Amino acid sequence: MRIGAGWALSLPKSASDSLDWPNASGDLRLSGHLPAPWPVIGLGELQGDIDLAAHGQNGLWLPTELRADLKLRPVPALVADLPQQLRPTQLSIKIVPIDTDSASGQLPVQLRLDAQGGAPASLQARVQLATTPPYALAIEQARLQLRSASLQLDALSLRGLDAGLDFSGHAELERVDLQLLKTSRVTLANLAIDELAASQLQVDLSQPLRLRIERNDAEPSTW
């Protein structure tokens, strides 16, 4: 393995006169080459290459440069919140910078995420991150594909799921807007919930669907 890092940090002091690490500010650069799986506490076994530069302000850290080609075998705790059939055994993550005429403070990248396991899935998207205030994330040309032979979600049983979801969106610290496009498709061989059963289902959209999530630290999130 080969890892190189450099940093310049400003650490405030807490009320007890100790260094307040969670609210650090500064700059960080990291380059890593892991030709074989390497255990990382809290993540799992990581393999591949990463080049990262990041800037932090009062504990909020955002990348200013990013390129990655990584494989991760996650620890169980990392995916414990997902339904058991959707928990991946391995994730492949590829992030490539895009050459654009973006203004300073914008980080455009092409993202591809592949999940292996009981329900193979892939996500491709063009993402642009605003690394200076107001912080925001723009998602374009995104497509999520998911297949599952059998999926149990509480009382809902799905078999032969094949989903292709095209979407775009915009996220800020207190709001998320997503739009599911008309080109999205979902097919199911069988669906069952309680005494209701159906087979050979296909879902098409006559118009885009929009989801907005509002959140702040003082109140519960609203949909």
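What counts and what doesn't
Residues numbered from 1 in each chain as written. Predicted model: local features only at pLDDT ≥ 70, side-chain atom pairs only at ≥ 80, totals over all residues. Heavy atoms only, no water. 1 Å grid on protein atoms, 1.4 Å probe; cavity = no way out; pocket = protein on both sides within 12 Å on 5 of 7 lines; lining within 4 Å. Points joined across faces, edges and corners; volume = space filled by probe spheres on them. Helix = DSSP H or I, 4+ residues; strand = E, 2+ residues; numbered from the N terminus. Nonpolar A, V, L, I, M, F, W, Y, C, P; charged D, E, K, R; others polar. Salt bridge = Lys/Arg side-chain N within 4 Å of Asp/Glu carboxyl O. Buried < 20%, exposed > 50% of the residue type's maximum accessible area, 1.4 Å probe, protein only.

Applying the stated rule across the entire model yields one cavity of 30 Å³ or more. Here the largest cavity defines a volume of roughly 40 Å³. What lines the largest cavity is simply Pro37, Glu45, Gln47, Lys71, Leu72, Arg73 and Gln90. Taken together, the elements giving at least two residues each to the lining of the largest cavity come down to strand S3 (44–57) and strand S4 (60–74). Examining the composition of the lining of the largest cavity, we find that three residues originate from one element, S4, more than from any other. Split by residue class, the lining of the largest cavity holds two nonpolar, two polar and three charged.

Overall, the coordinates contain 11 salt bridges when judged by the stated rule. For Asp114, the salt bridge goes to Arg112, with nearest N and O atoms at 2.9 Å. In this structure, the salt-bridge partner of Arg210 is Asp177, at a minimum N-O distance of 3.4 Å. With Arg210 in strand S13 (residues 209–214) and Asp177 in strand S10 (residues 175–180), this residue pair connects regions lying 33 residues apart in the sequence. Note on Arg210: relative accessible area 60%, which makes it exposed. Via salt bridges that share partners, Arg175, Asp177, Arg210, Arg212 and Glu214 belong to a single interconnected network.

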